There are 2 protein chains.
Amino acid sequence: MAKLEDVAKKAGVSPTTVSRVINNYGAISENTRNKVHTAMKELNYQPNSLARSLQGKKTQLIGLIFPSITNPFYAELIATIEDQLFKSHYKTILCNASNDQNKERDYLNMLVSNQVDGIIVGTHSKSLKEYQEIKQAIVSFDRYLADSIPIVGSDNYQGAALAAEELINSGASNIYFLGNVHAGRDLQPTDQREIAFRKTLAEHQLTPNFLPLSTEISVNIKHMMIRELLQKNQNIDGIMTTDDLTALLTINVARELGITIPNDLKVIGFDGTKFIQDYYPELTTIAQPISDIAELLINTLFKQIDNHDHYENKHFILPNKLIKGNTSR
Amino acid sequence: MAKLEDVAKKAGVSPTTVSRVINNYGAISENTRNKVHTAMKELNYQPNSLARSLQGKKTQLIGLIFPSITNPFYAELIATIEDQLFKSHYKTILCNASNDQNKERDYLNMLVSNQVDGIIVGTHSKSLKEYQEIKQAIVSFDRYLADSIPIVGSDNYQGAALAAEELINSGASNIYFLGNVHAGRDLQPTDQREIAFRKTLAEHQLTPNFLPLSTEISVNIKHMMIRELLQKNQNIDGIMTTDDLTALLTINVARELGITIPNDLKVIGFDGTKFIQDYYPELTTIAQPISDIAELLINTLFKQIDNHDHYENKHFILPNKLIKGNTSR
DNA sequence: CTGAAAGCGCTAACAG
DNA sequence: CTGTTAGCGCTTTCAG
């Protein structure tokens, strides 16, 4: 691996000069600049980022910690963030925490050790105490980590209320909520979905019903649980889920059991990724504004990096939209 | 950010001693070890990886360059690789090249500058000449990059032949191949799918038909093109696609047009991710051995890193499997 | 416009 | 068992 000094020798100049042309710093004669460029080409020189960042220069690296990359919602959010960061000349280090606290901690430490300029956290398990002590710029997607860490998310309350109303307007009255149900301790932003569901149904004098489905359990088991629910409870006529994949599962189960959608049963999902709109357009769902979320996450991070802004108990909330398919109405 | 020297002062020892306890190197008395640990805790010390790696120590970082993370096949392959690497105490830097040559080049340079211990490349556009000059350990998924870069992939020929035979055995005779069609210049491993398709049909005295669908074009346009094909060509009775998503699209179009699957039309996909098996179990498809691919990619990389093995025109090929759903037969 | 020298945070001989 | 010293590859005063 050629180093700066090699380039300097080859070009017949000092290391300082080479550094200057690389960084476009100070005044350099056209002649020496050319000599240096030629030498760099010939040696196939790649600057060593480690050495450079060791001086305190920015790494131009942003770490993302997310619970999963196989879930289309996270995949699209991550891809959008990555794309926008790239356009701002930042590279992304993606860490897949897999809903595993220890892994999350390891990756967080790795990011800190590698001096990333900022961190975007999207994990949804209970939060690590380590976040309290982070010195770098940091922002969270839809989850409380610490008072000093700003949160960006969609309006879970509004979205879920929209979903419940859509089911009710479609004529459903025996409605179930499938998905993560609030554990009991600290309230996270996504718990607003459950709260909105209860409230909206109450406003219409309807009883809210629940099938708790933790993110931990396997898809096959979820499938089985939904199947049991629909078999035992033939009068269910409305289901809202906390993500689109569970809605897909529900539709599959309904088909297996000969339940007609939307006549016998109305289904509405949550997330509304491009993936679902492309490959499962029939699904009615609540679409989160992925692109806006990404942009706001990044802006909030950049304000910390560039202006040393500091936040305290800050929560940015973006509105969701209803996408009407054929599984409701 | 506390540094090693701060810890040393606080513990009343030399920097070397602190370095020794951090790296578990040499002999240290229980007493000093404790003092150092206490000091580290109190200062919330995180070693600076950059400084450490600058000495030539390994970074324990592996870079992945993939064309997309929103495609379920890549998402699952990436997640599997990441998981296995993590278990071997390597962290992953995921780079999303988005089918963009310049982005791919930028990320490659970034990985080299950041001194990653190895690189796994899964992009499928035409290859950058930069790969010729890479000095680090490197391995490619299903694509030729340079003679010195080993390739790991599934048996595209066998998989596609399996798919074509499944359609023929299901009674199809007017069969189309939808997906990437070989451009004409250099032959990539995935081009074997098209070759196998032609060959297999010829063996059965059938004419191969094609609807070329580049990965570049948008899903909506693909949808439209498939719709036109099926409308104009009512006697098509078999379709094989080069990925499962295109198969999903085909099924959607068929439903729109009132074409019954598998009676009127048999469809078979390619990839067979867990995602498809979970949420679209009816699809008949060719499953790539994702977990084996991940393992072999990593082993091949580790042999270069640990044993300084060197490969020349090496191509590892893993077999595919048929997964029977209800869209064929 | 160009160079010499110091130092970023850490590790690795070499001493003791 | 512990400390001193030099140096990884680069940037950055400070001189000229």
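Conventions adopted
- Residues numbered from 1 in each chain as written.
- Chains lettered and ligands numbered in written order.
- Predicted model: local features only at pLDDT ≥ 70, side-chain atom pairs only at ≥ 80, totals over all residues.
- Heavy atoms only, no water.
- Helix = DSSP H or I, 4+ residues; strand = E, 2+ residues; numbered from the N terminus.
- Rg over C-alpha atoms; globule rule 2.2 N^0.38 Å.
- Buried < 20%, exposed > 50% of the residue type's maximum accessible area, 1.4 Å probe, protein only.
- Contact = heavy atoms within 4.5 Å.
- Areas by Shrake-Rupley, 256 points an atom, 1.4 Å probe, with all protein chains shown as cover.
- Lys, Arg positive; Asp, Glu negative; His and termini not counted.
- Charge placed at Lys NZ, Arg CZ, Asp CG, Glu CD.
- Pairing = 2+ DSSP bridges.
- Axes fitted to C-alpha atoms, helices over the stretch in contact; angles between N-to-C directions.
- Phe/Tyr/Trp six-rings, centres within 6.5 Å; stacked < 30°, edge-to-face > 60°.
- Lys NZ or Arg CZ within 6 Å of the ring centre and 35° of its normal.
- Salt bridge = Lys/Arg side-chain N within 4 Å of Asp/Glu carboxyl O.
- Polar contact = N/O pair within 3.5 Å; in protein donor to acceptor, adjacent residues only side chain to side chain.

1. Here we look at the overall build of chain A
Reasoning step 1: The helix and strand tally for chain A stands at twelve helices and twelve strands.
Reasoning step 2: A compact globule built from 329 residues should have a C-alpha radius of gyration of about 20 Å, whereas chain A, at 25 Å, is more than 25% larger.
Reasoning step 3: Based on the C-alpha atoms only, the size of chain A along its principal axes is roughly 85 × 40 × 30 Å.
Reasoning step 4: Across the 329 residues in chain A, those meeting the buried criterion constitute 55%.
Reasoning step 5: For chain A, the proportion of contacts with a sequence separation of at least 24, taken over those separated by at least 6, is 69%.
Reasoning step 6: Accessible surface for chain A amounts to roughly 14,400 Å². Of this, 48% is attributable to carbon and sulfur atoms.
Reasoning step 7: Between the centroid of the 33 positive side chains of chain A and the centroid of its 37 negative side chains there is a distance of 7 Å.

2. What about the sheet that holds strand S3 (residues 118-121) of chain B?
Residue and element names in this part refer to chain B.
Reasoning step 1: One open sheet accounts for six strands, arranged S2-S1-S3-S4-S5-S11; its pairing is parallel. A single partner strand is all that each edge strand has here, and the edge strands are strand S2 (91-96) and strand S11 (315-318). Neighbour-to-neighbour, the strand axes of the sheet open up by a mean angle of 20 degrees, direction not taken into account.
Reasoning step 2: Across four bridges, strand S1 (residues 61-66) lies against S3 in parallel orientation. By the bridge assignment, Ile 65 is partnered in S3 with Val 121.

3. Points about the packing of aromatic side chains
To describe a pair of aromatic rings, you give the distance between the ring centres and the angle between the ring planes.
Reasoning step 1: Summed over all chains, the structure comprises 22 aromatic pairs over all chains.
Reasoning step 2: Between the aromatic rings of Phe73(B) and Phe141(B), the centroid separation amounts to 6.0 Å while the plane-to-plane angle is 40 degrees, which identifies the pairing as tilted. Separated by 68 residues along the polypeptide, Phe73(B) in helix H5 (residues 72-87) and Phe141(B) in strand S4 (residues 137-141) bring together distant segments of the chain. Residue Phe73(B) shares its accessibility class with Phe141(B), and that shared class is buried.
Reasoning step 3: Clustering of aromatic rings is evident, with ring pairs tying together Phe66(A), Phe73(A), Tyr74(A) and Phe141(A).
Reasoning step 4: The ring of Phe86(B) has Lys103(A) sitting right over it, with the charged end atom 5.0 Å from the ring centre.

4. Some details on the pattern of salt bridges
All names here are of chain B.
Reasoning step 1: For the structure on display, the rule yields 28 salt bridges over all chains.
Reasoning step 2: Among the salt bridges present, the one from Arg 143 reaches Glu 104, with a minimum N-O distance of 3.7 Å. Placement of the pair is Arg 143 in the loop between S4 and strand S5 (151-154) and Glu 104 in helix H6 (residues 101-113), with a sequence separation of 39 residues.
Reasoning step 3: Accessibility expressed as a relative area gives 1% for Glu 104, which makes it buried.
Reasoning step 4: With a shortest N-O distance of 2.7 Å, Lys 274 and Asp 278 are connected by a salt bridge. With Lys 274 and Asp 278 both in helix H11 (residues 274-279) and four residues apart, the pair spans about one turn of that helix.

5. Things to note about the environment of Asp142(A)
All names here are of chain A.
Reasoning step 1: Within the secondary structure layout, Asp 142 lies in the loop between strand S4 (137-141) and strand S5 (151-154).
Reasoning step 2: Along the sequence, Asp 142 and Met 110 sit 32 residues apart, while their C-alpha atoms lie 23 Å from each other.
Reasoning step 3: Of note is the side chain of Asp 142, whose polar atom sits 3.2 Å from the side chain of Asn 156.

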